[in-house]
Amino acid sequence: MARFLDKLRKQGPKVARPNKKVLSVAQTEANWTKCASCAAVLRKKTLEDALGVCPECAHHHKITAWQRLEMLSDPDTFEEWDRNLLSQDPLGFGQEYLEKLAKDRTKTKLTDAVLTGRCTLDGRPMAIGIMEFRFRGGSMGSVVGERINRLLERAIEKRLPAVVVTSSGGARMQEGMLSLMQMARTSAAVRRINEAGLPYITILTDPTTAGVAASFASLGDVVLAEPKAIIGFSGARVIEQTIRQKLPPGFQTSEFYLEKGFIDRVVPRPEMRQTLSTILSLLCGGHLKNAKDKG
Amino acid sequence: MSTILEVEKPLLELEHKIRELREVDLTGQVDLSAEIRQLERKAKLLKASIYGNLSGWDRVQIARHAQRPTTIDYLENIFTDFTELHGDRLLGDDPAIVAGLARVENRACVVFGHQKGKETKENLARNFGMPNPEGFRKACRLMRMAERFGLPIVSFIDTPGAYPGIVAEERGQFEAIASSILLMTGIKVPIVTVVIGEGGSGGALGIAVGDRVLMLENSVYSVISPEGCATILWRDVTKAKQAANSLGLTSEKLKELGLVDHILPEPLGGAHRDTAETFQTVKKAITTNLNDLSRQSPTELIENRYQKYRVMGRFREASPNELES
């Protein structure tokens, strides 16, 4: 945290009020943004440099899978896997769905809702999967399931620890039961990596709910979460409709589940890299010497 | 809930008319036998066309039918010595999942399944078959016991879904389901799963990771309820019918997708129309599959189960050129 604060100090004041007389509307929109939580006006660049964490209120904005990869890996060490696996429309939901997929591919520079591959973190090789909420709400269909499976299988083959960062509303409805079954096959792969004696760490980010929460996300040897991420099985709206009352504040957040015993640690984003690196080094203690990267 | 399906109404009206004509005919004042025969032929054709062309939505209605046999009906009618066991040894006992020991054709096994009620009072007591985390954890406890004693497992699926409640979430519904699925992928005894009614999403899958997944013809199994799907995709719950027909939740569609192994035929009109026949069908399917699975070693079972679920998915592998464009 200290390093993060130093960095912030060096960069000077974060919160600046744009002078509307000087800036044109276009420039304002291009360079400035508002914190989604406290509405502080922030330079886009500032927010990006702070890994999407508001310097005013510490709200964790969503960041892209690519930004997260940068945050959790050593530069230029990432090798993407299975980019060529593409979703189909197995139930015939139609052109609209296919168009949405194409649009999200362009928007996210990803080919589905999870980015997988290998990289190093502080020199240690690892298999990594990062979900992208902007791709169909991070929904899990056959491609997400297949990539998670291949990720864990390759981690076993190459004797690498595996890390998965989740962000998902749940199953991909347009794939119907095929998407539900991804819960079973990803969990089966988690069992295999457990049996192989390799660490499997999950990092839950906002939101991690339904089918993803109820499968590989919650099955980590260590389950970390970002502050105030929404986590749970049923969505808040569904619960409210069922019980016909408002939910208490802070319900289904990381902090809530930390208290209830379902999460190991809530880790602020600027500390995530160091925390992950430390946990991996501790869990890999027994594997360090022979964990020669075979891939 | 009405026990008559919308699509059945013309048939029931016709059958009623035939009965009326028969009564008149029996008085002997007029000979209506020709008309009766004609109507009977019509009824037969109608029956075949109605039950041969049930839509996804019709199936949802049959699967949710108030008179449809529930898990306990199967336990009492096709098993002997059913001995219910309670509690997850952690917090409580969930009445939405009934569990215990039983015997089928002389084979002792561990059994569990979602339990719905047949009328309001029972449904309230059973939470409409919607499990809390304690239900999944009770199933997990019994699965570990099954493994210790080398007993096969039979699970019955009939739930609208896991219970979406405050306390359920607080006690880790997501973790309970995930852990149960994870456990099932590695249990070293045979698991036969029978979808008998409604297979509602994660709440169903939580106890449905079988070596063999059997599905009664008119039962449904879905990633989300048709109502939920309609609300999310089209923000309109009245489009549930359309959702049911799009979600591919019927036994035929799931067999085609390779997600269920066998479809168990039901009596015309649904399992509740002839329960004796239904029990017989289910019993035979369970014993056949258990016999078959008992020939596999624990290592083979686990490997085959992994491979079975490993291939469940539909996607395509693009060429590098295609990705660049």
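Since this is a predicted model, take the numbers as computed values, not measurements. (Residues numbered from 1 in each chain as written. Chains lettered and ligands numbered in written order. Predicted model: local features only at pLDDT ≥ 70, side-chain atom pairs only at ≥ 80, totals over all residues.)

Undergrad: Please give an account of the overall build of chain A that cites residues and values.
TA: Along chain A, the regular secondary structure elements total 11 helices and 11 strands. For chain A, the residues scored as buried account for 45% of the 295 residues in total. Restricting to contacts in chain A with at least 6 residues of sequence separation, those with at least 24 account for 69%. (Helix = DSSP H or I, 4+ residues; strand = E, 2+ residues; numbered from the N terminus. Buried ≥ 20, exposed ≤ 12 C-beta atoms within 10 Å, placed from the backbone. Contact = placed C-beta atoms within 7 Å.)

Undergrad: Let's hear about the overall build of chain B: which residues, and what values?
TA: Within chain B, the regular secondary structure consists of 15 helices and 9 strands. Across its three principal directions, the C-alpha atoms of chain B cover 75 × 65 × 45 Å. In chain B, which comprises 325 residues, the proportion classed as buried is 48%. Put simply, 70% of the contacts in chain B that link residues at least 6 apart link residues at least 24 apart.

Undergrad: Hey, could you go over the domain arrangement of chain A for me, with residue numbers and the actual values?
TA: A common way to state how big an interface is: give the accessible area lost once the parts meet. Residue and element names in this part refer to chain A. Segmenting chain A into domains produces domain 1 (1-61) and domain 2 (63-283). A straight line from the C-alpha centre of domain 1 to that of domain 2 covers 27 Å. Contacts between the two partners involve 7 residues from domain 1, matched on the other side by 9 residues from domain 2. In terms of residue class, the side of domain 1 that touches domain 2 is made up of 4 nonpolar, 3 polar and no charged. (Domains from an automatic or database assignment. Nonpolar A, V, L, I, M, F, W, Y, C, P; charged D, E, K, R; others polar.)

Undergrad: Lay out the domain arrangement of chain B with the relevant residues and their values.
TA: Domain assignment breaks chain B into domain 1 (6-53) and domain 2 (60-310). Measuring from the centre of the C-alpha atoms in domain 1 of chain B to the corresponding centre in domain 2 of chain B gives 38 Å.

Undergrad: I'd like a rundown of helix 11 (residues 269-283) of chain A, residues and numbers included.
TA: The terminal C-alpha atoms of helix 11 of chain A, which comprises 15 residues, lie 21 Å apart, in line with the 21 Å expected from a rise of 1.5 Å per residue. For helix 11 of chain A, every residue scored as buried is listed here: Arg269(A), Pro270(A), Leu276(A) and Ile279(A). (Expected span 1.5 Å × (residues − 1).)

Undergrad: I'd like to hear about the packing of helix 4 (residues 71-78) of chain B against helix 13 (residues 275-293) of chain B, residue by residue, with values.
TA: Residues and elements named next belong to chain B. Between helix 4 and helix 13, the shortest axis-to-axis distance is 10 Å and the interhelical angle comes to 75°. Comparing the axis directions of helix 4 and helix 13 gives the class roughly perpendicular. Two secondary-structure elements touch here, helix 4 through Tyr74, Asn77 and Ile78 and helix 13 through Phe279, Val282 and Lys283. (Axes fitted to C-alpha atoms, helices over the stretch in contact; angles between N-to-C directions. Parallel < 35°, antiparallel > 145°, perpendicular 65-115°, else oblique.)

Undergrad: Just give me the short version of the nonpolar core, but keep the residues and values in it.
TA: Within the largest apolar cluster, 145 residues are counted, with the highest numbers of intra-cluster contacts made by Ala162(A) and Met143(B). Ranked by residue count, the leading element in this core is helix 7 (residues 176-195) of chain A, at 10 residues. Once residues lying within four places of it in the same chain are set aside, the contact partners of Met143(B) are Val110(B), Ile153(B), Leu183(B), Met184(B) and Ile187(B). Judged by nonpolar contacts, the second largest core, of 5 residues, contains Leu42(A), Ala50(A), Val53(A) and Cys54(A). (Core = buried A, V, L, I, M, F, W, Y, C linked by C-beta atoms within 7 Å.)

Undergrad: Let's hear about the interface of chain B and chain A: which residues, and what values?
TA: Between chain B and chain A, the residue contacts involve 46 residues of the former and 48 residues of the latter. Contributions of two or more residues to the side of chain B that touches chain A are made by helix 7 (166-170), helix 8 (173-186), helix 9 (201-205), strand 7 (220-222), helix 10 (226-234), helix 14 (298-310), strand 9 (315-317) and helix 15 (320-324) of chain B. For the side of chain B that touches chain A, the leading source of residues is helix 8 of chain B, giving 9 residues. Taken together, the residues that form the side of chain B that touches chain A break down as 28 nonpolar, 11 polar and 7 charged. Across 3 bridges, the pairing between strand 4 (residues 85-87) of chain A and strand 9 of chain B is antiparallel. Bridging from a neighbouring strand, Leu86(A) pairs with Arg316(B) of strand 9 of chain B. (Pairing = 2+ DSSP bridges.)

Undergrad: Explain helix 6 (residues 142-157) of chain A residue by residue, including any values.
TA: All names here are of chain A. Between the first and last C-alpha of helix 6 there are 22 Å, a value that for 16 residues agrees with the 22 Å anticipated at 1.5 Å per step. Those residues of helix 6 that sit buried are Ser142, Val143, Val144, Gly145, Glu146, Arg147, Ile148, Asn149, Leu151, Leu152 and Ala155. Just downstream of helix 6 lies Arg159, where phi reads positive at about 55°.

Undergrad: Residues and numbers for the pairing of strand 5 (residues 191-200) of chain B, please.
TA: Within a regular beta strand, the side chains point alternately toward one face of the sheet and then the other, so they alternate between its two faces. Residues and elements named next belong to chain B. Most of strand 5 sits out of view: 10 of its 10 residues are buried. Sheet topology note: the strand 4 (residues 153-159)/strand 5 ladder contains 6 bridges and is parallel. For Ser155, the partnering residue across the bridge sits in strand 5 and is Thr193. As judged from the 4 bridges shared by strand 5 and strand 6 (residues 212-216), these two strands associate in the parallel manner. Each residue of the ladder has a partner; that of Val192, found in strand 6, is Arg212.

Undergrad: Please give an account of the confidence of the model for chain B that cites residues and values.
TA: Scored by pLDDT, chain B comes out at a mean of 94, with 99% of its residues at no less than 70. Interface confidence for the predicted complex, given as ipTM, is 0.92, next to a pTM of 0.91. (pLDDT = per-residue confidence, 0-100.)

Undergrad: How would you sum up the pairing of strand 8 (residues 200-209) of chain A? Please name residues and give values.
TA: All names here are of chain A. With respect to burial, strand 8 is a largely interior element, 10 of its 10 residues being buried. Pairing between strand 7 (residues 162-168) and strand 8: 6 bridges, direction parallel. The partner of Ser168 across the bridge, within strand 8, is Thr208. Following the backbone out of strand 7, through helix 7 and into the adjacent parallel strand 8, one traces a crossover that is right-handed. Across 4 bridges, the pairing between strand 8 and strand 9 (residues 222-225) is parallel. The residue of strand 9 that forms the bridge with Ile201 is Val222. (Right-handed = clockwise from strand over helix to strand, strands pointing away.)

Undergrad: Tell me what's going on with unusual backbone geometry, and back it up with residues and numbers.
TA: Following Asp206(A), the chain continues to Pro207(A) via a peptide bond in cis, the omega torsion being -15°. Mapped onto the secondary structure, Pro207(A) falls in strand 8. Despite not being glycine, Ala210(A) has its phi angle at roughly 50°, a positive value. You can call Ala210(A) buried: it has 28 C-beta atoms within 10 Å. Not every positive phi belongs to a glycine, and Glu105(B) is a case in point at roughly 45°. Topologically, Glu105(B) is positioned in the loop between strand 2 (97-104) and strand 3 (107-114).

Undergrad: Could you give an account of the environment of Pro164(B), with specific residues and numbers?
TA: Looking at the secondary structure, you find Pro164(B) in the loop between strand 4 and helix 7. Considered as a pair, Pro164(B) and Arg212(B) are 48 residues apart in the sequence and their alpha carbons are 28 Å apart. If near-sequence neighbours (up to four positions away) are discounted, Pro164(B) is found in contact with Ser234(A), Val238(A), Ile239(A) and Thr242(A).

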